[in-house]
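The chain contents come next:
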Amino acid sequence: MGSLKSLMQRGTDFLGCEVAIMCGAMSWVSERHLVAAISNAGGFGVIACGAMTPELLDSEIAGTKALTQKPFGVNLITMHPQLFDLIAVCAKHEVSHVVLAGGLPPKGSLEAIKEMGAKVICFAPTLALAKKLVRSGADAIVIEGMEAGGHIGPVATSVLAQEILPAIADDVPIFVAGGIGRGEAIAGYLEMGAAGVQLGSRFVCANESIAHPNFKKAFIRASARDAVASVQIDPRLPVIPVRALKNAGTEAFTAKQREVANRLDEGLVDMAEAQLEIEHYWAGALRRAVIDGDVENGSLMAGQSVGMVNKEEPVADIIARLVEEAETALAR
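Since this is a predicted model, take the numbers as computed values, not measurements.

### Section: the packing of aromatic side chains
The way to describe two aromatic rings as a pair is by their centre distance and the angle between their planes.
Item 1. Overall, the coordinates contain five aromatic pairs when judged by the stated rule.
Item 2. Ring geometry for Phe-14 versus Phe-175: centroids 6.2 Å apart, planes at 40°, classification tilted. You can see Phe-14 sitting in helix H1 (residues 2-15) and its partner Phe-175 sitting in strand S8 (residues 174-177), a full 161 residues away along the chain.
Item 3. What makes Phe-175 buried here is its relative accessible area of 0%.
Item 4. Between the aromatic rings of Phe-253 and Trp-282, the centroid separation amounts to 4.4 Å while the plane-to-plane angle is 45°, which identifies the pairing as tilted. Within this pair, whereas Phe-253 is found in helix H10 (residues 248-265), its partner Trp-282 is found in helix H11 (residues 271-290), the two being separated by 29 residues in sequence.
Item 5. Using a relative accessible area of 1% as the deciding quantity, one classes Phe-253 as buried.
Item 6. A connected cluster of aromatic rings, assembled from ring pairs, spans Phe-253, Tyr-281 and Trp-282.
Item 7. Taking NZ or CZ as reference, Arg-287 lies 5.2 Å from the ring centre of Trp-28, over its face.

Next comes the structure, spelled out in structure tokens:
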């Protein structure tokens, strides 16, 4: 793999895998089967803990270890009420890498992860926050642009990469995410100084993904323009936009926001409860689509790279093609 291998060296050394391609943590999708398949194919699988209880995470990590001897990570949401219990579960299983997502890590969380001997990877939507996280002890950073699926920020991947890579890529490994679907893009970000990349949507239709056949069909049929960001209808509800394929569920979320805002007006819920209700809505809507196959009313979270997903195929083939495309681009 020549030049691609050397450009990925820092990322592969950090992750302990052969190819510096992380799988984005997608709730209900990034579970033991897909995670193990990605790690076995040379990439780096990441379990999406999401709203799991410590007991469920314990079982999921054990299940993943039964399917692969290769390294994999666990993605934890910083606002999870049992975050430190989840960190303890990761410590019990000697998980090598913990990814913290969903906001600034609470006090003591980075230290708790590092104390167990794991590497900490954090998401940074701005250069200032990336620098702050590095000062706080983050071992690596993921920068994810608005083209990604699920919860998104307001800035495009290419802009974040231009702003953040020159400033801190020498300090810690940076993984670029959001809208990446081909090897040429991977090669470009590596040449800009990235240690590796993170892809999510590209792996949804892998044979090893447990996503419902209806969910996979929706991905295969979709084009980039079908993956749209949700709209915030009330400024008091700081709802992070979510990118998903447009369907009846998209309209239902707008109605849900109105309903929660009305109850906020009437004093029936406080702001924290209102936000939690919105988050629970997404978790339930996503499960309906991914697991139950209700692609009309469920949430079809997808990045704009969904337009590059055109068939169901093994994880190993997806990674091999990405590597081949990247190598060809570098040779050119």
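### A closer look at unusual backbone geometry
Item 1. For Trp-28, which is not glycine, the phi dihedral falls at a positive 75°.
Item 2. If you trace the backbone, Trp-28 turns up in the loop between strand S1 (21-23) and helix H2 (32-40).
Item 3. Overall, the relative accessible area of 36% leaves Trp-28 in the partly exposed class.
Item 4. Positive phi values are uncommon outside glycine, yet Glu-94 reaches one of about 55°.

### What to know about the nonpolar core
Item 1. Ranked by internal contacts, the top residues of the largest apolar core, which has 98 residues, are Leu-57 and Leu-76.
Item 2. Top element by residues in this core is H11. It accounts for eight residues.
Item 3. Apart from residues lying up to four places away in sequence, Leu-57 is in contact with Ile-47, Cys-49, Met-52, Val-74, Leu-76, Leu-86, Val-89 and Cys-90.
Item 4. Counting residues in hydrophobic clusters, the runner-up holds 13 residues, among them Leu-15, Phe-44, Ile-121 and Ala-177.

Each value, and the rule that gives it
Residues numbered from 1 in each chain as written. Predicted model: local features only at pLDDT ≥ 70, side-chain atom pairs only at ≥ 80, totals over all residues. Heavy atoms only, no water. Phe/Tyr/Trp six-rings, centres within 6.5 Å; stacked < 30°, edge-to-face > 60°. Helix = DSSP H or I, 4+ residues; strand = E, 2+ residues; numbered from the N terminus. Buried < 20%, exposed > 50% of the residue type's maximum accessible area, 1.4 Å probe, protein only. Lys NZ or Arg CZ within 6 Å of the ring centre and 35° of its normal. Core = buried A, V, L, I, M, F, W, Y, C linked by side-chain atoms within 4.5 Å. Contact = heavy atoms within 4.5 Å.

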